[in-house]
Amino acid sequence: MGKLIYLDNAATTKVYPEVFEAMKPYFMEDYGNPSSIYSFAGKSKKAVDDARRTIADFIGAKENEIYFTGGGSESDNWALKAAVDGYKSKGNHIITSKIEHHAILHTCEYLEKHGCEVTYVDVDENGVIKLDELEKAIRPETILISVMFANNEIGTIQPIKEIGEIAKKHDILFHTDAVQAYGHVPINVNELDIDMLSASGHKTGGPKGIGIMYLRNGLKIGSFIHGGAQERNRRAGTHNVPGIVGFGKATEIARDSLEERSAKEIRLRDRLIDGILEKVPYARLNGHRTTRLPNNVNISIQFIEGESMLILLDQKGICASSGSACTSGSLDPSHVLLAIGLPHEIAHGSLRLTLSEETTEEDVDFVIENVEQIVTRLRSMSPLYDDFVKKNS
């Protein structure tokens, strides 16, 4: 195998060298527990405070509105479960979309088993939530709207500002799962009327095992993990200082490179989309053509199985995905692709390619060439494709 072409950055990203270097001292040199009172722990406490300030500034929040967690899934669980518990005197109804990450959908299923009512709002063929349906779903007992900032599979960016305005008008909490969007598109929680936000370090050049929860001051949101008094009595557990430092440094890099990086990724993303759609017949782009994450490409290709394509791409040194990494062990088609109206047989042939700032034009062209060759090879073994060609010749 020659060069590795990693195009699964929606699943996880490589830690930036600068992030790794920033983390190293907090493993063996400045390893004190930031909750301790002696001076040796002061360096750890300052590092945590500095990272919190950097992250807060990046999304327009106050420092005391940022809480460190173990990752995006924990933050999503916390947002929904704590909102239902804290606002049960008002009601027991929450609203979400049909294309959320499973950290949201499975939490909703759990809450439904415990007396909560959930409305799952439809999306259109591009994966954009239907705002009129969202507003119609609101009831007097609705306490929370949770809609992801951008979809992890098809990359569509939701109309977050409009959703925030709807929630604010009806005095309902608004949570957004921003795991895929954080560090890739601008986010300002105040301008967008976001009350709670989840994000994760490893989607943007930071380490795994660290996330954040933004909680607007004044919310009745209690603890999710009980124990010590860390994170202002809202998230017990000794601070993951190296992870927090790494997340802060990754945020700095994302902040300083956002505009230039996005422009490059959009250019290469569009080159990749256009190249595959031109070279491969009976293929379609999933998600909105322009209102999508800068680095996301998701294409469904008829008459092939996505898993077979991934195996053959891997043999060429290309790392790709057929959807969310969290569902890669499932034989069921993506719930996201079904929600945008794709039939099962087409949804099974999806290919997700997510770029990074390290992706080059040569990489893109190599992928286009190999996708074309692999699809041709797989279709040559498909009786369905052979029948289709004969009927349409």
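Parameters and conventions
- Residues numbered from 1 in each chain as written.
- Predicted model: local features only at pLDDT ≥ 70, side-chain atom pairs only at ≥ 80, totals over all residues.
- Heavy atoms only, no water.
- Helix = DSSP H or I, 4+ residues; strand = E, 2+ residues; numbered from the N terminus.
- Rg over C-alpha atoms; globule rule 2.2 N^0.38 Å.
- Contact = heavy atoms within 4.5 Å.
- Areas by Shrake-Rupley, 256 points an atom, 1.4 Å probe, with all protein chains shown as cover.
- Lys, Arg positive; Asp, Glu negative; His and termini not counted.
- Charge placed at Lys NZ, Arg CZ, Asp CG, Glu CD.
- Pairing = 2+ DSSP bridges.
- Axes fitted to C-alpha atoms, helices over the stretch in contact; angles between N-to-C directions.
- Core = buried A, V, L, I, M, F, W, Y, C linked by side-chain atoms within 4.5 Å.
- Buried < 20%, exposed > 50% of the residue type's maximum accessible area, 1.4 Å probe, protein only.
- Patch = residues over 30% accessible without salt bridge, like charges linked within 9 Å, V, L, I, M, F, W, Y side chains within 5 Å.
- Salt bridge = Lys/Arg side-chain N within 4 Å of Asp/Glu carboxyl O.
- Parallel < 35°, antiparallel > 145°, perpendicular 65-115°, else oblique.
- Left-handed = near helix turned anticlockwise from the far one by under 90°.

(A) Main features of the overall build of the protein. Of regular secondary structure, the protein possesses 14 helices and 12 strands. For 393 residues, the compact-globule estimate of 2.2 N^0.38 gives 21 Å, and the C-alpha radius of gyration of the protein, at 22 Å, lies within 12% of that figure. Taking the principal axes of the C-alpha coordinates as reference, the protein spans close to 75 × 55 × 35 Å. The contacts in the protein between residues at least 6 apart in sequence include a share of 73% that link residues at least 24 apart. Split by element, the accessible area of the protein, about 17100 Å² in all, is 52% carbon and sulfur. Each charge sign in the protein was given a centre, from 44 positive and 56 negative side chains, and these centres are 2 Å apart.

(B) Structural detail: the sheet that holds strand β3 (residues 93-97). What the seven strands build is an open sheet, ordered β2-β8-β7-β6-β5-β3-β4; its pairing is mixed. The sheet is open, and its two edges are formed by β2 (66-69) and β4 (117-121), each paired on a single side. Neighbour-to-neighbour, the strand axes of the sheet open up by a mean angle of 20°, direction not taken into account. In the sheet, β2 pairs with strand β8 (residues 211-215) via four bridges, with the strands oriented antiparallel. Of the residues in β8, the one forming a bridge with T69 is G211.

(C) Spatial organisation of the nonpolar core. Membership of the largest hydrophobic core comes to 56 residues, with the highest contact counts inside it found for I59, I145, F149, I194, L197 and I212. Listing elements by their share of this core, those giving two or more residues are α3 (42-58), β2, α7 (160-169), β7 (196-200), β8, α9 (241-279), α11 (335-339) and α12 (344-347).

(D) Geometry of the pairing of strand β12 (residues 350-354). Burial runs high along β12: five of the five residues are buried. The two faces of β12 match: S350, R352 and T354 on one face and L351 and L353 on the other face are all buried. Sheet analysis places strand β10 (residues 296-301) next to β12, joined by five bridges and oriented antiparallel. Within β12, the position partnered with N298 by the bridge is R352.

(E) Molecular detail of a nonpolar patch on the surface. Taken together, the side chains of Y31, Y38 and F40 make up a nonpolar region of the molecular surface, amounting to roughly 350 Å² of accessible area. Within the secondary structure layout, Y38 lies in the loop between α2 (25-28) and α3. The class of Y38 is partly exposed, set by a relative accessible area of 47%.

(F) Representation of the environment of E141. By the element assignment, E141 lies in the loop between α6 (131-136) and β5 (142-146). When sequence neighbours within four positions are dropped, the list of residues in contact with E141 reads K90, G91, N92 and H93.

(G) Representation of the packing of α9 against helix α13 (residues 361-380) in the model. Where α9 meets α13, the closest approach of the two axes is 9 Å, and the angle between their N-to-C directions is 20°. Taken together, the axis directions place α9 and α13 in an arrangement best described as roughly parallel. Crossing angle aside, the handedness with which α9 passes α13 is right-handed. Across the interface between the two elements, R267, L268, R271, L272, G275, I276 and K279 from α9 touch E361, V364, D365, V367, I368, V371 and E372 from α13.

(H) Highlighting the sheet that holds β12. Taking strand neighbours across the sheet as the criterion, the three strands line up as β9-β10-β12 in an open arrangement whose pairing is antiparallel. The open sheet has two free edges, formed respectively by β9 (283-285) and β12, since each of these has just one partner strand. In this sheet, neighbouring strand axes are inclined to one another by 25° on average, regardless of whether the strands run parallel or antiparallel. By the bridge criterion, three bridges tie β9 to β10 in an arrangement that is antiparallel. Across the sheet, residue A283 finds its bridge partner in β10, namely I301. Sheet strands touched by α9: β9, β10 and β12. Its angle to β10, the strand with the most contacts, is close to 10°. On the sheet, helix α10 (residues 306-315) packs against β10 and β12 and is oriented at approximately 45° with respect to β12.

(I) Structural view of the environment of A51. Mapped onto the secondary structure, A51 falls in helix α3. For the pair formed by A51 and N151, sequence separation is 100 residues and the distance between their alpha carbons is 26 Å. Contacts of A51, omitting those with residues within four sequence positions, involve F68, I244 and G248.

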